[in-house]
Amino acid sequence: MEEQKPVPLFDIKLQTAAIRNELMEAAARVIDSGAFILGPEVNDFEREFAEATQSRHAISCASGSDALLLALMALDIGPGDEVCLPSFTYYATASCVKRVGATPVFIDCDSSYNMSIDDLEQRLSPNTKAIIPVHLFGQMMDMKRLQRWVANVPQKVHVIEDCAQSMGASLEGRHCGTWGDIGAFSFYPTKNLGGLGDGGMMTAQSAEIADRLRVLRVHGEKKKYFHDVLGINSRLDSMQAAFLRVKLRHLDSYERGRIAIAERYLKAFEEADLFDYLTLPVVADDRKHVWNQFTVRVKNREQLIAHLAEEKIGTNIYYPLPQHLQKTFAYLGYKRGDLYMSEKLAGEVLSLPMYPEMALENVDRVVGSIRDFYRSYQA
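Residues numbered from 1 in each chain as written. Predicted model: local features only at pLDDT ≥ 70, side-chain atom pairs only at ≥ 80, totals over all residues. Heavy atoms only, no water.

1. Details of empty space enclosed by the protein
The gaps left among the atoms become clear once a water-sized probe is rolled over them.
Here comes step 1: Taken as a whole and assessed by the stated rule, the structure comprises 1 cavity of 30 Å³ or more.
Here comes step 2: Around the largest cavity sit Ser-112, Tyr-113, Leu-136, Phe-137, Gln-139, Pro-281, Val-282, His-289, Trp-291, Gln-293 and Thr-295, which together line it.
Here comes step 3: Here the residues of the lining of the largest cavity are counted per class, giving 6 nonpolar, 5 polar and no charged. (1 Å grid on protein atoms, 1.4 Å probe; cavity = no way out; pocket = protein on both sides within 12 Å on 5 of 7 lines; lining within 4 Å. Points joined across faces, edges and corners; volume = space filled by probe spheres on them. Nonpolar A, V, L, I, M, F, W, Y, C, P; charged D, E, K, R; others polar.)

2. Things to note about the packing of aromatic side chains
Here comes step 1: Following the criterion strictly, the structure yields 20 aromatic pairs and no others.
Here comes step 2: With centroids separated by 6.4 Å and ring planes inclined at 10 degrees, the aromatic side chains of Phe-269 and Phe-294 adopt a geometry described as stacked. In this pair, Phe-269 is assigned in helix α10 (residues 251-272) and Phe-294 in strand β14 (residues 294-298), connecting sequence segments 25 residues apart. For the pair Phe-269 and Phe-294, a shared accessibility class is recorded, and that class is buried.
Here comes step 3: Members of the aromatic cluster, connected to one another through ring pairs, are Phe-88, Tyr-90, Tyr-113, Phe-137, Tyr-318 and Tyr-319.
Here comes step 4: Sitting above the plane of the Trp-179 ring, Arg-174 keeps its charged end 4.2 Å from the centroid.
Here comes step 5: In this structure, Lys-223 is placed above the aromatic ring of Phe-226, and the distance from its NZ or CZ to the ring centre is 4.8 Å. (Phe/Tyr/Trp six-rings, centres within 6.5 Å; stacked < 30°, edge-to-face > 60°. Helix = DSSP H or I, 4+ residues; strand = E, 2+ residues; numbered from the N terminus. Buried < 20%, exposed > 50% of the residue type's maximum accessible area, 1.4 Å probe, protein only. Lys NZ or Arg CZ within 6 Å of the ring centre and 35° of its normal.)

3. Observations concerning the sheet that holds strand β6 (residues 170-171)
Here comes step 1: Taken together, 3 strands build an open sheet; the order of strands is β7-β6-β13 and the sheet is antiparallel. A strand with exactly one partner marks an edge of an open sheet, and here the two such strands are β7 (174-175) and β13 (287-288).
Here comes step 2: Examined bridge by bridge, β6 and β13 share 2 bridges and lie antiparallel to one another. Its bridge partner being in β13, Ser-170 is matched across the sheet by Lys-288. (Pairing = 2+ DSSP bridges.)

4. With respect to the pairing of β14
Here comes step 1: Across the 5 residues that make up β14, a large majority, 5, are buried.
Here comes step 2: In β14, alternate side chains face the same way, and those of Phe-294, Val-296 and Val-298 on one face and Thr-295 and Arg-297 on the other are all buried.

5. Points about helix α5 (residues 91-99)
Here comes step 1: Buried within α5 are the following residues: Ala-92, Thr-93, Ala-94, Ser-95, Cys-96 and Val-97.
Here comes step 2: Packing partners of the buried residues in α5 comprise α4 (64-74), β2 (82-86), β3 (103-107) and β5 (158-162).
Here comes step 3: Directly after α5, the chain includes Gly-101, whose backbone phi takes a positive value near 90 degrees. (Contact = heavy atoms within 4.5 Å.)

6. What to know about the environment of Leu-274
Here comes step 1: Considering the arrangement of structural elements, one finds Leu-274 in the loop between α10 and β12 (278-279).
Here comes step 2: Expressed as a C-alpha distance, the spacing of Leu-274 and Arg-212, which sit 62 residues apart in the sequence, is 51 Å.

7. So, the sheet that holds β12
Here comes step 1: If you walk across this open sheet you meet the 3 strands as β12-β14-β15, and the pairing is antiparallel. Each having just a single partner strand, β12 and β15 (349-352) make up the two edges of the open sheet.
Here comes step 2: As judged from the 4 bridges shared by β14 and β15, these two strands associate in the antiparallel manner. The residue bridging Phe-294 from the neighbouring strand is Leu-352, located in β15.
Here comes step 3: Here helix α11 (residues 301-310) sits on the sheet in contact with β14 and β15, set at roughly 20 degrees to β15. (Axes fitted to C-alpha atoms, helices over the stretch in contact; angles between N-to-C directions.)

8. Quick word on helix α9 (residues 238-249)
Here comes step 1: If you check α9, its first and last C-alpha atoms are 17 Å apart, about what 12 residues at 1.5 Å a residue would give, namely 16 Å.
Here comes step 2: Of all 12 residues in α9, 10 are buried, a share of seventy percent or more.
Here comes step 3: All buried positions along α9 are accounted for by Ser-238, Gln-240, Ala-241, Ala-242, Phe-243, Leu-244, Arg-245, Val-246, Lys-247 and Leu-248.
Here comes step 4: The inward-facing, buried residues of α9 contact α1 (12-18), α2 (20-33), α3 (40-53) and α10.
Here comes step 5: The N-terminus of α9 is capped by Asp-237, whose side-chain oxygen sits 3.0 Å from the backbone nitrogen of Met-239. (Expected span 1.5 Å × (residues − 1). Polar contact = N/O pair within 3.5 Å; in protein donor to acceptor, adjacent residues only side chain to side chain.)

9. Some remarks on the nonpolar core
Here comes step 1: The biggest cluster of nonpolar side chains holds 44 residues, and the ones touching the most others in it are Tyr-265, Phe-269, Phe-294, Leu-352 and Ile-370.
Here comes step 2: For this core, the secondary-structure elements that each account for two or more residues are α10, β14, α11, α12 (340-346), β15 and α13 (360-378).
Here comes step 3: If we ignore the near neighbours within four places in the chain, the residues touching Ile-370 are Phe-269, Leu-274, Leu-278, Leu-304, Leu-308 and Leu-352. (Core = buried A, V, L, I, M, F, W, Y, C linked by side-chain atoms within 4.5 Å.)

Here it is, written out as structure tokens:
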């Protein structure tokens, strides 16, 4: 019998192979230009990204983490300020708050994997200066409800959208990254719009905030060698901008591929009838989900992971430990049981293979393997 090929969690080589000639042309264009940092390619990419996200301004930087850090800096958030953010997210969202000297206030999530506004309402304090909603796994949280809530709090509260996993996602047709003061995007290679290296982008609707972000990303330099504010060095290089311009042209097809795979997963799991063992992701009717991850909740997770590994099927856990329980934040005094849903999800979630070029029959193979595991487990 012919040995089955692996089904990886993500296969970046398939994506780059399909557009190799376009990428090589872009690289040659940059090499020939001699402009390697913040050159014309970066300017063009920022303009095209702003158009794609329906944003007034797009300001690039070196990474998604830097995009969050610069956003906090631009809004003058620091010591004495509290920033509310979900505990069930990647570490970068929380670490940037600590890095500027502000205090993270961790919020529980709901069944959609996104931050719970009900829990957020209980944790507002006079020191709350910002909220960082994270549009996790490719689906936006309810920004319309969040906006209404923020408008009614007694003090000015900024909103920084963490869009690292949600490029292309929208709520009632309005793109993520356009609802808050600043949107922060990541171009890590496995993102929906991923580079051939690292990179980030910030979107803003205010010209004043956009100008401040541009200054902060180059050491606080508005005029060369004159520094009015303390910034950092966080610039997108021209090579990555050129590559990302190529991939931005293909983003619609990548989205269609991810959506088709997600729909196949949902249908296959419905037919497999595994709901005694597995919970499917919740998809809101008013949102466009772009499926950076296809994440389910499962019983007997470690045994299932081992079974799938034997079948050469890739998986990962995003995320095994909520941020309120990380050692970095032990000084805040959180303990197990404080954020029930975040802790529950951390013990149950499992991300399955998801990438635009994935063959649909491999979805059936993944679901079939999971079905076989639970049938044998039940027996």
